[in-house]
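Report on the structure
Each chain is listed here by its residues.
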Amino acid sequence: MLAVTIDNVSFSYGDKPILGGVSLDVEAGAFVCVLGQSGCGKSTLLRLLGGLEKPTSGRILVDGRPVAGPGLDRGMVFQDYGLFPWMRAGDNITLAVKQQFPALSAAERKAKALRRLADVELDADCYDKLPGELSGGMRQRCAIARAFAIDPPILLMDEPFAALDAVTRARLQELVLDLWQKEEQRKTIFFVTHDVDEALLLATDVCILGQSPGSIIHRHVFPRDKRTDRAAMFADPEMLRLRNELIAVINAEIVQLKAASGAGPR
Amino acid sequence: MTRTIARHAGVVAIGIALVAGYWLLTDVWRVLDPFLFAGPAKVYPAFVRSLDKLAEGFVSSLKLLVPAYALAVVLGVSLGVAIGLLVPLRRNLTPYITAASAVPVTLITPFAIHVFSTFYAASVCIIFLGAFWPILGATLAGVVTIDKRYLETAATLEIRGVEKMFRVVLPAAAPTIFSGCSIALKFAFILLTVSEMFGATSGMGYFVQYYSDFARFDMVIAGFVFMAAVLVGVMALFDLVKKRALAWTLNS
Ligand SMILES: Nc1ncnc2c1ncn2[C@@H]1O[C@H](COP(=O)(O)OP(=O)(O)OP(=O)(O)O)[C@@H](O)[C@H]1O
Ligand SMILES: [Mg+2]
């Protein structure tokens, strides 16, 4: 729902540069999938968007305003779930709902939480369980349910489906697409994944983040009327061409990095 | 019921072995000095005889312990959270907190007696101080070492103020806070004896102190046994509370 501008953003942990001059203009309602090798700074980029880190240089604008810190307008699904382990799964969600919708009654909050749990295919008994009593994939789904429940205009999702089996993953991909497509005012979604097919299925905008230091080395923006259909996708020669192209770029980057590190001092 | 007994069978067996061993060393073989180390043959009747007095002492000791410890928990935890969350305050106060917690509370006794007009207030003050510093220290440590991810999640959900304190900071720091509280509880028991040394006319510590002055070591040991039993009971109660509060961290 909100446009995001990443303007020549660099970021270092201490004196170790992680991102070097990332620039990306994303229109409101885009579904951006970020691909890239492990350790290239994808999570770091999401943390910058989420306001959890500040750029060393450059700026990030949301709807024209610079990001000042974390907030409810940008829902985050962390790579490692981020549920509070001392609260029941349900309370984790209702607390978030209460933050976003303070006017709702306790019963309405609970109803909303239960609906979102059902959306991610979790039973109602999960509501009363502690996160420690759930499996890794269930915890992750719970965190996704929480992000959906607060219904933020911008969603930042860091490999949200990585821990799930293929069937659940496919269902949740549909769910995210549904949530995103149905709304009058589409959410702007940033979605980190290692899976090229997932990116092709979901994205309106695929970005590949290169390494050392990270910057966008490849970008493909789909036409506005992109219709995604899992079955038809792999029959589409254009999609196949794109798939090969993306994989080639990622592989080239890895080969280049290997060569660079091999040529260095021993 | 049988399961509870089965679970504590080991504890009971060790207890019996300890008493039996002590009995052998004293009444049976007379290895230990019989004047100082009164055997069970003398301690048991002493214990039975003074049960009334010990019970009375228990009540008056609790009147010191409970308010002092409760105050230490409330102040220690709330100040610890406040100081732990406010970084500049923490940076400036840490050396003083370290210094203050290094002062043996027993050294403060004369000052406490001077400052407080009544024995009761002075005693509560001493027990409070003994319990306060470990709780404050543990709370600070607990707040400072909270997993950053919890605070980040709280920040993205805009959980702030009181809500953040009670639903994020305190639960996240609770394991450390509880271990501080448990150390503090044991300190409080030790200081009970110290604080009942002056001015008290009853109490578990007073009982031990009183008979020690008369070299009635059978009574002293009876008093020790009683105090130890009370401490074990109180700690069991404490563990029950802890178990409920920390259910999410327990391994079994
Ligand atoms: N807190 C930190 N302090 C120092 N360095 C960090 C920190 N977090 C991440 N890094 C470094 O930043 C780099 C990028 O990390 P990041 O987590 O963004 O990678 P990623 O692209 O998300 O990888 P993955 O696909 O494995 O999740 C890594 O080299 C990592 O070592
Ligand atoms: Mg990552």
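None of the values given here were measured: they were computed from a predicted structure. Counting restarts for each chain: residues are numbered from 1 in the order of the written sequence. In the order they appear in the text, chains get letters beginning with A and ligands get numbers beginning with 1. Selection of residues for local features in this predicted model requires a pLDDT of at least 70, selection of side-chain atom pairs for listing and counting requires 80 or more, and totals for whole chains, interfaces and linings are taken over all residues. Side-chain measures here rest on the full set of heavy atoms in the structure, leaving out hydrogens and waters.

1. Section: the pattern of salt bridges
- The rule for a salt bridge is simple: a side-chain nitrogen of Lys or Arg has to be within 4 Å of a carboxyl oxygen of Asp or Glu. Inspection of the entire model under this criterion finds 23 salt bridges over all chains.
- Residue Asp91(A) is joined to Arg88(A) by a salt bridge in which the shortest nitrogen-to-oxygen separation is 3.0 Å.
- Whether a residue is buried, partly exposed or exposed follows from its accessible area with a 1.4 Å probe, protein chains only, as a fraction of its type maximum: under 20%, in between, or over 50%, in that order. A relative accessible area of 18% means that Asp91(A) is categorised as buried.
- Asp151(A) is paired through a salt bridge with Lys187(A); the nearest N and O atoms lie 2.6 Å apart. Placement of the pair is Asp151(A) in the loop between α4 (136-150) and β7 (154-158) and Lys187(A) in the loop between α5 (166-182) and β8 (188-192), with a sequence separation of 36 residues.
- What you see here is one network of salt bridges that share partners, running through Arg47(A), Glu53(A), Lys148(B) and Glu152(B). In this text, helices come from DSSP runs of H or I with a minimum length of four residues, and strands from runs of E with a minimum of two, each type numbered from the N-terminal end.

2. Digging into the site of ligand 1
All names here are of chain A.
- When at least one non-hydrogen atom of a residue lies within 4 Å of a molecule or strand, that residue is treated as near it. Neighbouring residues of ligand 1: 14 residues in total, closest Ser38, Gly39, Lys42, Ser43 and Thr44.
- Pairs of N or O atoms within 3.5 Å make up the polar contacts considered here, provided that, within protein, one atom can donate a hydrogen while the other can accept it, and that residues adjacent in sequence are counted only when both atoms are side-chain atoms. Between Gly41 and ligand 1, the recorded distance is 3.0 Å, taken from a backbone N or O atom to an oxygen atom.
- Note that an oxygen atom of ligand 1 is positioned 2.9 Å from one of the side-chain N or O atoms of Gln79.
- For ligand 1, the protein covers 64% of the area, taking 640 Å² as the surface of the free molecule.
- Those elements giving two or more residues to the shell around ligand 1 turn out to be β2 (16-26) and α1 (42-50).
- If you tally residues by element for the shell around ligand 1, the top one is α1, at three residues.
- Note that Gly is not counted as nonpolar here; it falls among the polar residues with everything else outside the nonpolar set of Ala, Val, Leu, Ile, Met, Phe, Trp, Tyr, Cys and Pro and the charged set of Asp, Glu, Lys and Arg. Class assignment for the residues of the shell around ligand 1 results in three nonpolar, eight polar and three charged. In short, Shrake-Rupley with a 1.4 Å probe defines the accessible areas, and a residue's cover is counted only from the protein chains shown.

3. Some points on the UniProt feature "transmembrane region" (unreviewed entry) in chain B
Residue and element names in this part refer to chain B.
- UniProt positions are given in the numbering used here, feature names are shortened, and annotations may be inferred rather than shown by experiment. Taking the numbering used here, the UniProt-annotated feature "transmembrane region" (unreviewed entry) corresponds to residues 5-25, 68-89, 96-113, 119-147 and 214-238.
- With 95% helix and 0% strand, the stretch residues 5-25 has end C-alpha atoms that lie 29 Å from each other.
- Between the end C-alpha atoms of residues 68-89 there is a gap of 26 Å, over a span that is 95% helix and 0% strand.

4. Topic: the coordination of the magnesium ion (ligand 2)
Residues and elements named next belong to chain A.
- Donor atoms (N, O, S) are those found within 2.8 Å of the metal centre, with the cutoff raised to 3.2 Å for Na, K and Ca; water is not part of the atom list, so apparent gaps in a site can occur. Protein-derived ligands of the magnesium ion (ligand 2) are Ser43 (OG) and Gln79 (OE1), with the metal-ligand distances lying across 1.9 to 2.3 Å. Highlighted residues: Ser43 in helix α1 and Gln79 in the loop between β6 (74-77) and α2 (89-100), separated in sequence by 36 residues.
- Here Gln79 falls in the partly exposed class, since its relative accessible area comes to 39%.

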